[in-house]
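What follows is each chain in one-letter form.
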Amino acid sequence: MFMRMNNDSTWRMPAEWEPQRGVQLTWPHQETDWAPMLDEVTETYVQIALEISQRERLLIVAPEPQLAIDAIRPRASLQQMNNITTLACPTDDTWARDHGFITLTDDQGHLRLLDFCFNGWGRKFAADKDNAINRRLYEASMTNPTLQEMVCGDYVDHLDFVLEGGSIESDGQGTIYTTTCCLLAPNRNQPLSQDEITEQLKQRLHAQQIVWLDDAQLPGDDTDGHIDTVARAVPGGLLRLPLPEPIYDEDGEQLPATYANFLVINGAVLCPTYGQPEADAEALRRIGEAFPDREIVGIDCRNIIRQHGSLHCCTMQFFCGGSL
């Protein structure tokens, strides 16, 4: 429903560095796994929110979004606060990258908002509330002009297919990168084979080719190996990054610290850091070389990896549309 029936071949998934309408954050709260460390992770989310809202619109999704606004307001300018829009909505968790809309655009500037099934990374965790966010958001935008400025495009129902935003990476030119360890993992889209999933991705994302990476899972990653933890597209190719020294939780379990989990926004790249000055500086240097026209901003993500994600996993962007 809501889909413009235009089936020409110009549709594509944008690269993350293309112009954005805004970014979504799904905010931590007491009913999420963040509860034991809610104050600490909220501080990290506030830092992310301040950096985004300084440069573009920010959408905050939460059961009680006023709590997020109250945390941000003391440190934000009036312009930043004007850039923030909220949606009151039940949520299971906070990983907007995986339950958020995946956008397609065409060369006429039209947009499609693809709503795929999010099932808690192969039914590992509760996800029914998060899987309903996109539909709630789109329906709310129909009567809310402020929301509509961000949530712009035709809603397309792909809820018959499991796909997380962190599991795919686009170069904006028709190539989609993914990993075998994730998309072929149990409780995703069985009994489809790799070839059949390739065809599904080509059709649904209007991709020209799908590049599969093997053996691409970090220790401590419970997504089964999302591409955004191991390899990222940048203008001109794929980016090589150092690995931080291993970080462990209080039970001795290794956490998925990775510099690949950066977020490109309008005018900047937000980069995860891990309290390791030399490795952090080298990662930011290399990301800066890949994006010489943007400010490189480090954000300490040691709190976020305690729940097995990082900066990119917390966010999902909305695009402006059009051709490169």
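Anyway, here's the lowdown on the structure attached to this text.

Rules used throughout
- Residues numbered from 1 in each chain as written.
- Predicted model: local features only at pLDDT ≥ 70, side-chain atom pairs only at ≥ 80, totals over all residues.
- Heavy atoms only, no water.
- Buried < 20%, exposed > 50% of the residue type's maximum accessible area, 1.4 Å probe, protein only.
- Helix = DSSP H or I, 4+ residues; strand = E, 2+ residues; numbered from the N terminus.
- Pairing = 2+ DSSP bridges.
- Axes fitted to C-alpha atoms, helices over the stretch in contact; angles between N-to-C directions.
- Contact = heavy atoms within 4.5 Å.
- Core = buried A, V, L, I, M, F, W, Y, C linked by side-chain atoms within 4.5 Å.
- Expected span 1.5 Å × (residues − 1).
- Arc of directions from axis to C-beta.

1. Side note on the pairing of strand β5 (residues 111–117)
Walk down a regular strand and you will see the side chains alternate between the two sheet faces. Of all the 7 residues making up β5, 7 are buried; the element is thus mostly covered by neighbouring parts of the structure. Neither face of β5 is exposed, since L111, L113, D115 and C117 on one face and R112, L114 and F116 on the opposite face are all buried. Where strand β4 (residues 102–105) lies against β5, 4 bridges are found, and the strand directions are antiparallel. Bridging from a neighbouring strand, I102 pairs with L114 of β5. Two successive antiparallel strands, β4 and β5, enclose a turn made up of 5 residues, where G109 displays a positive phi of approximately 90 degrees. Pairing between β5 and strand β6 (residues 154–162): 6 bridges, direction parallel. What sits directly across from L113, in β6, is Y155.

2. Side note on the sheet that holds strand β1 (residues 20–26)
One open sheet accounts for 4 strands, arranged β3-β2-β1-β17; its pairing is mixed. If you trace the sheet from one side to the other, it starts and ends with β3 (84–88) and β17 (315–319), each paired once. Within the sheet, the average angular offset between the axes of one strand and its neighbour, ignoring direction, is 25 degrees. In this sheet, strand β2 (residues 57–62) lies alongside β1 in parallel orientation, the contact comprising 5 bridges. Directly across from T26, in β2, lies its bridge partner V61. The sheet strands contacting helix α1 (residues 38–53) are β1, β2, β3 and β17, and the helix crosses β1 at an angle near 170 degrees. Across the sheet, helix α7 (residues 133–141) is in contact with β1, β2, β3 and β17; its angle to β1 comes to roughly 130 degrees.

3. A word on the nonpolar core
Nonpolar side chains in soluble globular proteins generally cluster together in the buried interior. Counting 45 residues, the largest nonpolar core has L25, W27, I48, I52, I72 and L270 as its most contacted members. For this core, the elements supplying multiple residues, two or more each, are β1, α1, β2, α2 (65–72), β14 (263–265), β15 (268–273), α11 (277–290) and β16 (295–300). It is α1 that provides the largest number of residues to this core, a total of 8 residues. Excluding anything up to four places from it in sequence, L25 contacts Y45, I48, A49, L58, L59, I60, V61, C314 and T315. Ranked by size, the runner-up nonpolar core spans 19 residues in total, among them L114, F116, I168 and L183.

4. Brief notes about helix α10 (residues 194–205)
Its 12 residues give α10 an end-to-end C-alpha distance of 16 Å, which sits within 8% of 16 Å, the value for a rise of 1.5 Å per residue. Residues of α10 that are buried include every one of I197, T198, L201, R204 and L205, and no others. Buried residues in α10, looked at end-on, bunch into an arc of 145 degrees, giving them a common side. In α10, the exposed positions angled more than 90 degrees off the buried face are occupied by D195 and Q203. Considering only its buried residues, α10 is in contact with β4, β5, β6, β8 (175–179), α9 (180–183) and β9 (209–213).

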